[in-house]
Amino acid sequence: MNTTQRRTPVRTVLLAVLLAVTGTALTACGNSVDAQIVGWAGIGVDDEGRAVAVVRVCDGEVDTIELLGDRTGLDDDEPNPVLGTWRADRGRTGTVELTLDGRQDGWTGPEAPELEDGRTYVLNASDSGADAEASQVSFTPDQLRDLDADQVVVADGSVEDRSTLDHCDDE
């Protein structure tokens, strides 16, 4: 007796449609699974006016901080350009601060990026070994110029006291 199951034309078509729909759904946004949010990020300045990433890690760790450019001139399917990537020598937890000038102990990265007026930038902090990241923050050079050293721009675009990133909601 032959136990090989034959596919009928209807089953074959249904399978093809199901695979096509699944493939489209998985690639529609460029990332089929949303990253686990492990904390939140802010961007501020130090006493010398240099850009400082401030990341509060509440669950897990981060080891990579990226500065991305805006979408000016990009097609819908093009990713934001990466303007700088800083990598830690180990995963970081708690409150992480990184001056975006490439000269901080335990981090490697480029020299301070030149931020152009009239552009928007995105700061992203993530765990390179997992699909995990802190909430992203968008900002402009004008926002940074208006900050005091004890302030940060956060994900919703508001300016908060730097100390708001010193604890997690459950602490």
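Located above this text is the structure these notes cover.
Presented here is an overview of the structure given in this document. (Residues numbered from 1 in each chain as written. Predicted model: local features only at pLDDT ≥ 70, side-chain atom pairs only at ≥ 80, totals over all residues. Heavy atoms only, no water.)

### Notes on the overall build of the chain
The helix and strand inventory of the chain stands at 2 helices and 9 strands. Tracing the chain from N to C terminus, the helices and strands come up as α-β-β-β-β-β-β-β-α-β-β. Here the chain holds 171 residues, and the buried ones make up 33% of them. Taking all contacts inside the chain whose residues are at least 6 apart in sequence as the whole, residues at least 24 apart take part in 53%. When the accessible surface of the chain is totalled, it reaches about 10,500 Å², and 49% of it is carbon and sulfur. (Helix = DSSP H or I, 4+ residues; strand = E, 2+ residues; numbered from the N terminus. Buried < 20%, exposed > 50% of the residue type's maximum accessible area, 1.4 Å probe, protein only. Contact = heavy atoms within 4.5 Å. Areas by Shrake-Rupley, 256 points an atom, 1.4 Å probe, with all protein chains shown as cover.)

### Here's the deal with the side chain of Glu133
By secondary structure assignment, the location of Glu133 is in strand S6 (residues 132–135). Of the side chains bearing the opposite charge, Arg87 lies closest to the buried Glu133, which forms no salt bridge; the N-O distance is 12 Å. If we skip the residues at most four places from it in the chain, Glu133 touches Ala35, Gln36, Ile37, Val38, Gly39, Asn124, Ala125 and Ser126. (Lys, Arg positive; Asp, Glu negative; His and termini not counted. Salt bridge = Lys/Arg side-chain N within 4 Å of Asp/Glu carboxyl O.)

### Describing the nonpolar core
The biggest cluster of nonpolar side chains holds 27 residues, and the ones touching the most others in it are Ile43, Val55, Ile65, Leu100 and Leu123. Looking at this core, the element that brings in the most residues is strand S2 (residues 51–68), giving 7 residues. In contact with Val55, not counting residues within four places along its chain, are Trp40, Ala41, Val62, Ile65, Gly94, Thr95, Val96, Ala125 and Ala134. (Core = buried A, V, L, I, M, F, W, Y, C linked by side-chain atoms within 4.5 Å.)

### A word on the state of the cysteines
Within this structure, the stated rule accounts for 1 disulfide. The side chain of Cys58 participates in a disulfide bridge whose partner is Cys168; the two sulfur atoms lie 2.0 Å from each other. On the sign convention where negative means left-handed, the S-S torsion of about -105 degrees between Cys58 and Cys168 marks this disulfide as left-handed. Note that Cys58 is positioned in strand S2 and Cys168 in the segment after strand S9 (159–161), a separation of 110 residues in sequence. (Disulfide = S-S within 2.5 Å.)

### Details of the pairing of strand S5 (residues 121–127)
Counting buried positions along S5 gives 7 out of 7 residues, so the element sits mostly inside the fold. Side chains Tyr121, Leu123, Ala125 and Asp127 of S5 all project onto a buried face; the interleaved residues Val122, Asn124 and Ser126 project onto the opposite face, where all are buried too. With 5 bridges joining them, S2 and S5 adopt antiparallel strand pairing. When the bridges of S5 are listed, Thr64 appears paired with Ser126. Of the strand pairs in this sheet, S5 and strand S7 (residues 137–139) are connected by 3 bridges, and their pairing is antiparallel. Looking at S7, one finds that Leu123 is bridged to Val137. (Pairing = 2+ DSSP bridges.)

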